[in-house]
Amino acid sequence: MPEDQSSAPIPARNVIDDEQLKRMMKQNQRGFLQRNRFRMVTLCLIAFNVAVFAVEAVLSGFRVNISTRVLVEMGAMYAPWVQSAADLYRFVTPMFLHMDLMHLGFNMVALYSVGEVLERVLGKGNFLALYFVGGITGNAVSYAADVFLGGGATVSAGASTSVFGLFVAVALLGLLHKGNRSVFAQYSKSMLTIIAVNVAYTFLVPGISVSGHLGGALGGLVAMFMLPSKNLRVPNAVRVATAVLWVAALGYLLASQGLLAL
């Protein structure tokens, strides 16, 4: 005759109290550094741009529409004030200055949107170098346009020189990345659309530095063939030649205007 199972003891169930649940959830949560390990340079650049804008706003009388005087005095690109080697910082500082809150917001959103993928692929050092090469090239082209094309000197500033370089870099991943080419090809197609929209916006909206944006895009192209990233299939000879040509072009521009004399 089978044994009656109803009388068998029921094993006790482990009950997790609130404190144990909190500890378990905390253990599963990744820290800030771990969550953002592939966008740390991006976040640092955003923080620095925001901090610089805060200084601009204070110097402009606590206004978010920054005065032209403050922009020029803080290092915006203004060709008449680039007179000697002591003024070469103006090829760098404009990429951290912004004219108003919308200008800052647009550029920081764009930087954040592409920063992570580029940091992952290129590495932090190469990504930072890409940001600077794009910005410096954009400011150099803006300066050259004012000097050689005439039409009146303009004040230009903004991280958009660097951002255009980052856009072009993402667009080139489908061509230059060693692996996952099909995945990055989709990135490239999407980015080409974004670049086309931004170029059209650059030409159609008054007050935007066309030369700066196009120069930044050129800088992104140059950087991708110059950076020593192990994930890019660019021969070392091409990297060295590109770097030499980029430095030579900048040197010629500066020397032609007497900016290398001490």
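Residues numbered from 1 in each chain as written. Predicted model: local features only at pLDDT ≥ 70, side-chain atom pairs only at ≥ 80, totals over all residues. Heavy atoms only, no water.

Colleague: Got a minute to help me understand the packing of aromatic side chains in this structure?
Modeller: Think of a pair of aromatic rings as described by two things: how far the centres are apart, and how the planes are tilted against each other in angle. Here the structure, examined in full by the defined rule, presents seven aromatic pairs. Judged by centre distance (6.3 Å) and plane angle (65°), the rings of Tyr 78 and Trp 81 are edge-to-face. Classification of Trp 81 as partly exposed rests on a relative accessible area of 42%. Among the aromatic residues, ring-to-ring pairing joins Phe 48, Phe 96, Tyr 131 and Phe 132 into one connected group. (Phe/Tyr/Trp six-rings, centres within 6.5 Å; stacked < 30°, edge-to-face > 60°. Buried < 20%, exposed > 50% of the residue type's maximum accessible area, 1.4 Å probe, protein only.)

Colleague: I'm lost on helix H6 (residues 124-149) in this one. Help?
Modeller: Think of an α-helix as turning once every 3.6 residues; residues three or four places apart then point the same way. Taking 1.5 Å of rise per residue, 26 residues should cover 38 Å, and H6 covers 37 Å from first to last C-alpha, within 8% of that figure. Looking one or two residues beyond H6, the residue adopting positive phi is Gly 150, at roughly 70°. (Helix = DSSP H or I, 4+ residues; strand = E, 2+ residues; numbered from the N terminus. Expected span 1.5 Å × (residues − 1).)

Colleague: Looking at this structure, how should I read unusual backbone geometry?
Modeller: The backbone of Phe 62 sits at a positive phi, close to 60°, despite the residue not being glycine. Take Phe 62: it is sitting in the loop between helix H3 (40-59) and helix H4 (68-74). With relative accessibility at 69%, the residue Phe 62 sits in the exposed group.

Colleague: How do you make sense of the packing of H6 against helix H9 (residues 210-224) when you look at a structure like this?
Modeller: Any two packed helices are characterised by the angle at which their axes cross and by the distance between the axes. Interhelical geometry of H6 versus H9 gives an angle of 140° and a closest axis separation of 7 Å. Here H6 is positioned oblique relative to H9, judged by the angle of their axes. Here H6 and H9 pass one another in a crossing that is right-handed. In this structure, H6 uses Leu 130, Val 133, Gly 134, Thr 137, Gly 138, Val 141, Ser 142 and Ala 145 to contact H9, whose residues at the interface are Ser 211, Gly 212, Gly 215, Gly 216, Leu 218, Gly 219, Gly 220 and Ala 223. Residue composition of the contact of H6 with H9, by class: six nonpolar, 10 polar and no charged. (Axes fitted to C-alpha atoms, helices over the stretch in contact; angles between N-to-C directions. Parallel < 35°, antiparallel > 145°, perpendicular 65-115°, else oblique. Left-handed = near helix turned anticlockwise from the far one by under 90°. Contact = heavy atoms within 4.5 Å. Nonpolar A, V, L, I, M, F, W, Y, C, P; charged D, E, K, R; others polar.)

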